[in-house]
Every structure is written in C-alpha cells, then in structure tokens.
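What follows is the residue order along each chain.
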Amino acid sequence: MRRAALAAFALALAANTALAQGMILTIEINRSNSNPHRPTAKIDNLQQFMAALAECWAPPPIDSGRGAVDLTFQVSFKRSGELFGKPRIVNFARAVTDEERQRYYTSVAEAIDRCAPMPFTETMGGAVAGRTFRVNFLDRRNSRKA
C-alpha cells in the first residue's frame, strides 16, 4: 500500500514538473535550408507550428570533424502570434566551442525573428498564448539512412 502511494506521488510530481516546464516539441532537421521563410498559411495545430519553425530556421554549417549540434530553446507566443518574452537557448546536446555557440544563438534568434508574428488561427492562438515551448532541434543533416 505504501509503495503504491509513493509511486502515485512520484507520477503526479513528474506530471506537474512537465507541465511547469511547458510543452516539448521535437523537430528533426534533415536538410540545410537555403531559403528560410516566414509561414504564409494560417497555423492551426502543433504539426503545422513545428513545420513553420523548421522552415524559418537556417541551421549553421556543420563544422567538419565535430558533427551536428542538437539544441533546445524556449519560446513563448501571445495569442496574436507575437513573441511573449525573449526566446533563449537552454541546452546543447554536446560540448560546443564559443564560435559554434554564437553561430547557433544567432541562427535561432534569426529564425524566431523571421517567424514572428506567427500566423496562428484564433483557436491556435488561444491554445498557445503564454505557454512556454521547449523546442528541440535535432540536426540530422549528416545522419545515414538505414
């Protein structure tokens, strides 16, 4: 009985922690984007939102010998699609040089500037307003396909 209560408490704590951290979106980047652009169609769901973020981002060139860089950043939007606060990079999946860090900071900032304001539908704007999104860009440009 006591073990079940502890397990239930741990599960509830984990769920509340996930909600407090915001929604996590994982976006695989499979190609370079030589023509990043702002979305023109209305965004009505999370899949369209993730596709729009990917299309806005032009990942920096991969340093030879170091490999691709996966990163996580946080961003929030208002109902209108405008930024709510400042986006920030919170994590790199591997150690990066100061030069790499600066290139990735710049590329993410440019992507968010390019995307904002997001053309949310009224429903989507209401759903995302004020929420913090943790966006994971997984750089798979050099990954081999099985």
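So, a few notes on the structure that sits alongside this text. Quantities reported herein were computed from a predicted structural model and do not represent experimental measurements.

1. A short note on helix H3 (residues 98-115)
(1) Moving on: For H3, built from 18 residues, the straight-helix expectation of 26 Å at 1.5 Å per residue is met to within 8% by its first-to-last C-alpha distance of 26 Å.
(2) Moving on: Along H3, the residues that are buried comprise Glu-100, Tyr-104, Ser-107, Val-108, Ala-111, Ile-112 and Cys-115. One side of H3 holds all its buried residues, which, seen down the axis, span an arc of 130°. Facing away from the buried side of H3 by more than 90 degrees, the exposed set consists of Asp-98, Glu-99 and Asp-113.
(3) Moving on: Those residues of H3 hidden inside the fold are in contact with helix H2 (46-56), strand E2 (71-76), strand E3 (88-92) and strand E4 (132-139).

2. Details of the side chain of Ser-107
(1) Moving on: Here Ser-107 is to be found in helix H3.
(2) Moving on: Exposure remark for Ser-107: the relative accessible area of 6% places this residue in the buried category.
(3) Moving on: Side chain to side chain, Ser-107 and Trp-57 meet in a polar contact 3.0 Å long.
(4) Moving on: A polar contact of 3.0 Å, which involves the side chain of Ser-107, links it to the backbone oxygen of Tyr-104.
(5) Moving on: Ignoring any residue separated from it by four or fewer positions in sequence, one finds Ser-107 in contact with Trp-57, Ala-58 and Pro-60.

Calculation rules
Residues numbered from 1 in each chain as written. Predicted model: local features only at pLDDT ≥ 70, side-chain atom pairs only at ≥ 80, totals over all residues. Heavy atoms only, no water. Helix = DSSP H or I, 4+ residues; strand = E, 2+ residues; numbered from the N terminus. Expected span 1.5 Å × (residues − 1). Buried < 20%, exposed > 50% of the residue type's maximum accessible area, 1.4 Å probe, protein only. Arc of directions from axis to C-beta. Contact = heavy atoms within 4.5 Å. Polar contact = N/O pair within 3.5 Å; in protein donor to acceptor, adjacent residues only side chain to side chain.

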